[in-house]
Amino acid sequence: MSTSKQLTERRQAATARGAGIMCNFYAAKAKNAEIWDTDGNRYIDFAGGIGVLNTGHLHPKVQAAVAEQLQEFSH
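Residues numbered from 1 in each chain as written. Predicted model: local features only at pLDDT ≥ 70, side-chain atom pairs only at ≥ 80, totals over all residues. Heavy atoms only, no water.

1. A few points about the pattern of salt bridges
In step 1: Per the stated rule, a full pass over the model turns up 2 salt bridges.
In step 2: For glutamate 9, the salt bridge goes to lysine 5, with nearest N and O atoms at 2.7 Å. Pair noted here: glutamate 9 and lysine 5 are both in helix H1 (residues 4-14), with a separation of 4 residues, about one helical turn.
In step 3: With its nearest N and O atoms 3.1 Å apart, the salt bridge here joins arginine 42 to glutamate 34. (Salt bridge = Lys/Arg side-chain N within 4 Å of Asp/Glu carboxyl O. Helix = DSSP H or I, 4+ residues; strand = E, 2+ residues; numbered from the N terminus.)

So, in structure tokens, the structure goes:
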């Protein structure tokens, strides 16, 4: 897994300078209301957005629904 420093260098090389950056860490994984970055730091996700607002990251019912849908159709 890449470190934050390596990912920052990669982002700077590939992203236009006008693009806004809202945080200075890179999420490696997330579960419920927590996010872990590529350096192993743990954060409480206060800004996950509409995609995880009601259930948190990786809710078992959402995972099951996605797995079921993938057996039928993916886009």
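2. Regarding the confidence of the model for the protein chain
In step 1: For the protein chain, per-residue confidence averages 86 on the pLDDT scale, and residues scoring 70 or more make up 97% of the total.
In step 2: When pLDDT is averaged over each element of the protein chain, strand E3 (residues 42-44) comes out on top at 93 and H1 at the bottom at 89. (pLDDT = per-residue confidence, 0-100.)

3. Here we look at the pairing of strand E1 (residues 27-31)
In step 1: As defined by bridge partners, E1 adjoins strand E2 (residues 34-37) across 4 bridges and the pair is classed as antiparallel. For alanine 30, the partnering residue across the bridge sits in E2 and is isoleucine 35.
In step 2: Here E1 hands over to E2 after 2 residues, with asparagine 32 in that stretch at a positive phi of 55°. (Pairing = 2+ DSSP bridges.)

4. Things to note about the side chain of histidine 57
In step 1: Relative to the elements of secondary structure, histidine 57 occurs in the loop between E3 and helix H2 (60-72).
In step 2: A relative accessible area of 15% means that histidine 57 is categorised as buried.
In step 3: With residues up to four places along the chain from it excluded, the contact list for histidine 57 reads Ala30, Lys31, Asn32, Glu34, Ile35, Asp45 and Val52. (Buried < 20%, exposed > 50% of the residue type's maximum accessible area, 1.4 Å probe, protein only. Contact = heavy atoms within 4.5 Å.)

5. Some words on the environment of alanine 16
In step 1: Within the secondary structure layout, alanine 16 lies in the loop between H1 and E1.
In step 2: Along the chain, alanine 16 and phenylalanine 46 lie 30 residues apart, while their C-alpha atoms are 27 Å from each other.

6. Quick word on the packing of aromatic side chains
In step 1: Scanning all chains against the criterion turns up 1 aromatic pair.
In step 2: Measuring from ring centre to ring centre gives 4.3 Å for phenylalanine 25 and tyrosine 43, while their planes differ by 15°; the resulting arrangement is stacked. Placement of the pair is phenylalanine 25 in the loop between H1 and E1 and tyrosine 43 in strand E3, with a sequence separation of 18 residues.
In step 3: Residue class for tyrosine 43 comes out partly exposed when judged on its relative accessible area of 30%.
In step 4: Here lysine 29 stacks its cationic end above the ring of tryptophan 36, 4.7 Å away from the centre of that ring. (Phe/Tyr/Trp six-rings, centres within 6.5 Å; stacked < 30°, edge-to-face > 60°. Lys NZ or Arg CZ within 6 Å of the ring centre and 35° of its normal.)

7. What about the pairing of E2?
In step 1: Every second residue of E2 is oriented toward a common face, the buried set being Ile35 and Asp37 and the non-buried set Glu34 and Trp36.
In step 2: Looking at chain direction, E2 and E3 are connected through 3 bridges and run antiparallel. Within the sheet, the bridge partner assigned to glutamate 34 lies in E3 and is isoleucine 44.
In step 3: With antiparallel pairing between neighbouring strands as the criterion, E2 and E3 make up a hairpin whose turn holds 4 residues, including glycine 40 at a positive phi of roughly 90°.

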